[in-house]
Amino acid sequence: MHTKTHPIATEPGVAMYQLTSYHYGSAGSGGKVYIQASLHADEVPAMLVAHVLRRELERLDGEGRIRGEVILVPAANPIGLSQIVHGAPFGRFDLGTGTNFNRAFRHVADELKDALAGRLGLDSAANVAAIRAAARAAVERWEPQDATQVLKKTLLGMAIDADIVLDLHCDNEALLHVYTGPALADRVAPLATLLGARAYLLSAGSGGEPFDEACSKLWWDLAAHFGPEIPIPPACAAVTVELRGEMDVRYDYAEQDAHALLQFLAREGVVDLPLAPLPAPRCAASPLEAVEPLHAPQTGVLVFLKALGDEVKAGDAVADIVNPVTGDTATVHASRDGLLFASTAHRHLLRGMHICKIAGTTPFRSGSLLSQ
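Remember, it's a predicted structure, so these values are computed and weren't measured experimentally.

(A) Quick peek at the overall build of the protein. Assigned secondary structure in the protein consists of eight helices and 20 strands. Over its C-alpha atoms the protein spans a radius of gyration of 21 Å, differing by no more than 12% from the 21 Å that the globule rule assigns to 372 residues. On the principal axes, the C-alpha backbone points of the protein span a range of 65 × 55 × 45 Å. Going through the 372 residues of the protein one by one, you find that 51% of them count as buried. In the protein, the share of contacts with a sequence separation of at least 24, taken over all contacts with a separation of at least 6, comes to 71%. Counting every atom, the protein has about 15700 Å² of accessible surface; 53% of that belongs to carbon and sulfur. Each charge class in the protein can be summarised by its mean position, and for the 31 positive and 43 negative side chains these summaries are 2 Å apart.

(B) Main features of helix 5 (residues 147–159). The end-to-end C-alpha distance of helix 5 is 19 Å, a good match for the 18 Å that 13 residues give at a rise of 1.5 Å each. Every buried residue belonging to helix 5 is among T148, L151, K152, K153, T154, L155, L156, M158 and A159, and all of these are buried. Put simply, D146 is the residue that caps the front of helix 5, since its side-chain oxygen is 3.2 Å from the backbone nitrogen of T148.

(C) Representation of helix 8 (residues 251–267) within the structure. With 17 residues, helix 8 extends 24 Å between its outermost C-alpha atoms, agreeing within 8% with the 24 Å of an ideal straight helix rising 1.5 Å per residue. Listing the buried residues of helix 8 in full gives Y253, A254, D257, A258, A260, L261, L262, Q263, F264, L265 and A266. Against the buried residues of helix 8 lie strand 3 (32–37), helix 1 (45–62), strand 7 (164–171), helix 6 (185–195) and strand 11 (237–245). Positive phi appears at G269, one or two residues downstream of helix 8, with a value of about 80°.

(D) Layout of the pairing of strand 2 (residues 17–25). Strand direction decides the pairing type here: strand 1 (residues 2–9) and strand 2, joined by seven bridges, are antiparallel. When the sheet's bridge partners are listed, H2 is paired in strand 2 with H23. Where strand 2 and strand 4 (residues 69–73) come together, four bridges link them in antiparallel fashion. Of the residues in strand 4, the one forming a bridge with Y22 is L72.

(E) Seen up close, the nonpolar core. Core analysis: the biggest nonpolar cluster contains 47 residues, and I35, L53, L166, L168, L191 and L265 have the highest contact counts within it. With residues near it in sequence (within four places) discarded, L265 still touches V33, I35, I164, L166, V270 and V271. Listed in part, the 43 residues of the second largest apolar core include L19, A134, M158 and I160.

(F) Structural view of the sheet that holds strand 7. If you walk across this open sheet you meet the nine strands as 1-2-4-3-7-11-9-10-12, and the pairing is mixed. What marks the edges here is a single partner per strand, and that holds for strand 1 and strand 12 (285–287). Averaged over all neighbouring strand pairs, the angle between strand axes comes to 25°, with direction disregarded. Both strand 3 and strand 7 contribute to a ladder of five bridges, which runs parallel. Bridge pairing in strand 7 links A37 to L168. Running at roughly 25° to strand 11, helix 6 makes contact with strand 7, strand 9 (177–180), strand 10 (199–202) and strand 11 of the sheet.

(G) Up close: a nonpolar patch on the surface. A cluster of nonpolar side chains, V85, F90 and L95, forms an exposed patch at the surface whose accessible area comes to about 230 Å². Relative to the elements of secondary structure, L95 occurs in the loop between strand 6 (88–89) and helix 3 (109–115).

(H) Summary view of the pattern of salt bridges. The final tally for this structure, using the stated rule, is 21 salt bridges. E56 is the partner of R59 in a salt bridge, and the nearest nitrogen-oxygen pair spans 2.7 Å. On the criterion of helical spacing, the pair formed by R59 and E56 is a turn pair, its members being three residues apart in helix 1. By relative accessible area, R59 is classed as partly exposed at 35%. The structure contains a network of salt bridges with shared partners spanning R55, E56, R59, E63, R65 and E255.

(I) Fine view of the packing of aromatic side chains. Scanning the entire structure with this criterion turns up three aromatic pairs. Ring geometry for Y34 and F211: centres 5.9 Å apart, planes at 45°, overall tilted. Of this pair, Y34 sits in strand 3 while F211 sits in helix 7 (residues 211–226), and the two are 177 residues apart along the sequence. Accessibility classification places Y34 together with F211 in one group, the buried group.

(J) Up close: the side chain of N102. Tracing the sequence through the fold places N102 in the loop between strand 6 and helix 3. The class of N102 is buried, set by a relative accessible area of 6%. When near neighbours in sequence (up to four residues on either side) are disregarded, N102 contacts L39, H40, D167, H169, E209, P210 and F211.

Calculation notes
Residues numbered from 1 in each chain as written. Predicted model: local features only at pLDDT ≥ 70, side-chain atom pairs only at ≥ 80, totals over all residues. Heavy atoms only, no water. Helix = DSSP H or I, 4+ residues; strand = E, 2+ residues; numbered from the N terminus. Rg over C-alpha atoms; globule rule 2.2 N^0.38 Å. Buried < 20%, exposed > 50% of the residue type's maximum accessible area, 1.4 Å probe, protein only. Contact = heavy atoms within 4.5 Å. Areas by Shrake-Rupley, 256 points an atom, 1.4 Å probe, with all protein chains shown as cover. Lys, Arg positive; Asp, Glu negative; His and termini not counted. Charge placed at Lys NZ, Arg CZ, Asp CG, Glu CD. Expected span 1.5 Å × (residues − 1). Polar contact = N/O pair within 3.5 Å; in protein donor to acceptor, adjacent residues only side chain to side chain. Pairing = 2+ DSSP bridges. Core = buried A, V, L, I, M, F, W, Y, C linked by side-chain atoms within 4.5 Å. Axes fitted to C-alpha atoms, helices over the stretch in contact; angles between N-to-C directions. Patch = residues over 30% accessible without salt bridge, like charges linked within 9 Å, V, L, I, M, F, W, Y side chains within 5 Å. Salt bridge = Lys/Arg side-chain N within 4 Å of Asp/Glu carboxyl O. Phe/Tyr/Trp six-rings, centres within 6.5 Å; stacked < 30°, edge-to-face > 60°.

Printed below as a string of structure tokens:
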């Protein structure tokens, strides 16, 4: 194992930031895995999972049981970790620009369409190698305009050529759930099962250029551009794992989740571990376009009538919004069947604020599919 320190902001006279990554195994000896925790810096459960992963990866590396290269970034956002507003951590948005830390990553597919013209052929493995080299070069050409873009370039530079990318997050209040692309559904299904995911959500493009899609979406974009005569597989299995809710910071959860991630890597041939039998899946894959977000129709106190994990039917009352001044109560109903899998942690909402998400099975949304 070796440690790297990446300077993020170094100008004298202002706050300085650095990022730490841990590197296990050896590059070029097998597959490459990139794991990062808490890109949204106030999503703490991921950092505890990374703490357990670091311990286990150090042990496996010392025993010579890592067959490829594993990069672990246990705290992916030193800028966000330093943002405190009136005593409260504020790690989802960059206070300088208002931009979500998990949006606006550089999507290099368009420039690769030109850079790779005439360079790809009938050899799938050669195409993968050429695309990865071109993608690394494209990220290297990115000229960041501020410290947050330096952070994003640094993270993407470590991940853009990986076989597997695991981006560890959490929601406000939630059941464990997983996001990936439809082209990766079968490959990632064992991970969702090992984690006990209650929602397994698929989208070829959720909008906003989040980190996972900056790593994986380029593969199906390029495949569509060059056509079926040029074999381009979905060579990066990038996954966003939502580790329940913000308050679910527990050693037992962290141990359970870390070992599920390692079991997936064992099944992928990256680490040498005895394979545990796959448990029964707790959900089937469903399109992200079938998730119904509910919002507050008025300002008031949020009172849930359904709980996380409840199966909701179309027309069911999910929550009340009680205005304490007027006494008016607005009841919010689901318009479709599905599983209530995530909700806000706030209990007083302004009109239009997010209440919860219900995972259905029939697509009905398009455009930007992720919350801000």
